[in-house]
Amino acid sequence: MCIRDSSTTVHTVFEESFIYYKPRDVVSGDFPWFMKKGDDVYIAAVDCTGHGVPGALISIVGFFLLNNIVENGQHNHPNEILDALDHAVTTTFKQNSEHSKIKDGMDIGLCKINVKDKVIEYSGAHRPLYILNKEGEINEVKANKFPIGGGNAYTNKKPFDNFVFQMQEGESIYFSSDGYPDQFGGEKNRKFGPKRMKQLLVNSAGKSMTEIHNEFDTQFMEWKGDIKQTDDVLLIGIGF
C-alpha cells in the first residue's frame, strides 16, 4: 500500500500522528510518502530542490522510484533504500553526464517503523530526525550531508548511514523538509531556524499530536505574518 496524500492513511496506522503540509505554490516540490508492508511502515518527508514545475517533476519521479525500490523487496533498510534512490535519480536524469539538463535532486528523511515492536530505523539526506521523550528532552539524529541525486556536483558522497532506536510509550518522532525552519519573518525578518523549531517540540511534551499540529501552524503563521511563504513546508509527527 503506497499513497502520496498520506495524512489519512498514516493516521489509520498511528492514531497519534500528523502531517503538516503547506505548499508554497500550486504545485509542490515537497511530498510525504508512505508504504505499509506487513508489520513495517515506511514513511518519508521528501524535499525536492527545485520549486514550482521543476520541483514537481522531480517529486513525481521520486515518488514512483520510491514505490518501485521498496515494493521489489531487495532493499529493506532506510539507508539501502536511499542508496538505491540516489542511484536511480542519477541514472534517470543522466546526471553524471555533462550534457544533463536536470541537476536537481532531493533531501529526504526516511523512517522504517515496526508497528508491533516499536522499533524505528532512520536514514536522512540533509534532514535530521528529532526524538522527543516524555520529559521533553530531544535527541537529534544527524543526517548525511549530501542529497539524493545531483550527479558529479557532489564529491563527498558515501553510503548513507542507518540508525536504529527502540521507542518507548509516550515518546514521539518528528522529521521534515527545510521549509519550516527556513521561513523568514518575526520582527527582524530572519529565518525561524531549527533552534526555535526544537524549542517548540520541547514545549509540546505531553500534548496530543492534534495540539502539536495546531501549535506549529499557529507559530508558523504568526512568524510569517504578511511575508511571502519562503518554501514548501512539510512536517511529520508520530507518537508511540
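Residues numbered from 1 in each chain as written. Predicted model: local features only at pLDDT ≥ 70, side-chain atom pairs only at ≥ 80, totals over all residues. Heavy atoms only, no water.

**Side note on the sheet that holds strand 8 (residues 138-141)**
Stage number 1. One open sheet holds the 5 strands; their spatial order is 2-14-11-7-8, and the pairing between them is antiparallel. Every interior strand has two partners, whereas the edge strands, strand 2 (17-22) and strand 8, have only one. Averaged over all pairs of adjacent strands, the angle between strand axes in this sheet comes to 15°, irrespective of strand direction.
Stage number 2. Two strands pair when backbone bridges link them, and strand 2 and strand 14 (residues 233-239) are joined in this way by 6 bridges, in the antiparallel orientation. Bridge pairing in strand 14 places Ile19 opposite Ile236.
Stage number 3. Running over the sheet, helix 4 (residues 193-203) touches strand 7 (129-132), strand 8, strand 11 (172-176) and strand 14 and is turned about 30° from strand 7.
Stage number 4. Strand contacts of helix 5 (residues 209-224): strand 2, strand 11 and strand 14, with the helix running at about 20° to strand 2, the strand carrying the most contacts. (Pairing = 2+ DSSP bridges. Helix = DSSP H or I, 4+ residues; strand = E, 2+ residues; numbered from the N terminus. Axes fitted to C-alpha atoms, helices over the stretch in contact; angles between N-to-C directions. Contact = heavy atoms within 4.5 Å.)

**Quick look at the packing of aromatic side chains**
Stage number 1. Going through the model one piece at a time under the given rule, you end up with 12 aromatic pairs.
Stage number 2. Taken together, a centroid distance of 6.3 Å and an interplanar angle of 40° make the contact between Phe18 and Tyr174 tilted. Of this pair, Phe18 sits in strand 2 while Tyr174 sits in strand 11, placing them 156 residues apart in sequence. In terms of burial, Phe18 and Tyr174 fall into one category: buried.
Stage number 3. Relative to Phe64, the ring of Phe63 lies with its centre 5.1 Å away and its plane at 80°, an arrangement referred to as edge-to-face.
Stage number 4. Classification of Phe63 as buried rests on a relative accessible area of 9%.
Stage number 5. Accessibility expressed as a relative area gives 48% for Phe64, which makes it partly exposed. (Phe/Tyr/Trp six-rings, centres within 6.5 Å; stacked < 30°, edge-to-face > 60°. Buried < 20%, exposed > 50% of the residue type's maximum accessible area, 1.4 Å probe, protein only.)

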